[in-house]
Amino acid sequence: MTIREMCDKKVELFRDLDSLSPEQIAQEVVELSSLWASINKELIDRKCWYAEKKKQLLVEHGKGNLATIHAEASPEYRAMLEAEAYSKSIQEMIRSGRYYIRLSESAQRESKY
């Protein structure tokens, strides 16, 4: 299973958090944190590939602005943007999962009284 497929699976799961218990959500947050680390590693790799592409285009075109325009039209740039989007998405899912857990714990504490 690829990182993209794992991310998509977690997104589907997080669309219906009410069906999960706080313990299950906590487990998913831990798994998301691990996945996030993998995504960030992939993002670093893709940023390096993009930098190499930009360097190559700078040598080819001789001007920085032309190199940037051509580099931003490359598959390397698209891959880098995709990895950034997945990284931000996973980060927000982790935040929302933690927030949901805190709300659930607070509601449980309130219901005791």
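Before reading on, note that the structure itself is shown above.
As a starting point, this report considers the structure included with it.

Calculation criteria
- Residues numbered from 1 in each chain as written.
- Predicted model: local features only at pLDDT ≥ 70, side-chain atom pairs only at ≥ 80, totals over all residues.
- Heavy atoms only, no water.
- Salt bridge = Lys/Arg side-chain N within 4 Å of Asp/Glu carboxyl O.
- Helix = DSSP H or I, 4+ residues; strand = E, 2+ residues; numbered from the N terminus.
- Buried < 20%, exposed > 50% of the residue type's maximum accessible area, 1.4 Å probe, protein only.
- Expected span 1.5 Å × (residues − 1).
- Arc of directions from axis to C-beta.
- Contact = heavy atoms within 4.5 Å.

1. Structural notes on the pattern of salt bridges
Then, number 1: With the rule as written, the count across this model stands at nine salt bridges.
Then, number 2: For Asp45, the salt bridge identified is with Lys41, shortest N-O distance 2.8 Å. Taken together, the residues span about one helical turn, with Asp45 and Lys41 both in helix H2 (residues 22-61) at a distance of four residues.
Then, number 3: Of the residues examined, Asp45 reaches a relative accessible area of 25% and is grouped as partly exposed.

2. Some words on helix H1 (residues 3-14)
Then, number 1: Over its 12 residues, H1 extends 16 Å from the first C-alpha to the last, a length consistent with the 16 Å expected when each residue adds 1.5 Å.
Then, number 2: If you check which residues of H1 are buried, you get Cys7, Lys10 and Phe14. Down the axis of H1, the buried set is contained in an arc of 65 degrees. They therefore lie on one face.

3. Details of the side chain of Lys10
Then, number 1: Note that Lys10 resides in helix H1.
Then, number 2: Setting aside residues no more than four positions away along its own chain, Lys10 makes contact with Glu28, Glu31, Leu32, Leu35 and Met93.

4. Considerations on the environment of Pro22
Then, number 1: Of note, Pro22 is situated in helix H2.
Then, number 2: Taking relative accessible area as the criterion, Pro22 reaches 22% and is therefore assigned partly exposed.
Then, number 3: With 78 residues separating them along the chain, Pro22 and Tyr100 place their C-alpha atoms 7.8 Å apart.
Then, number 4: In contact with Pro22, not counting residues within four places along its chain, are Ile101, Ser104 and Gln108.

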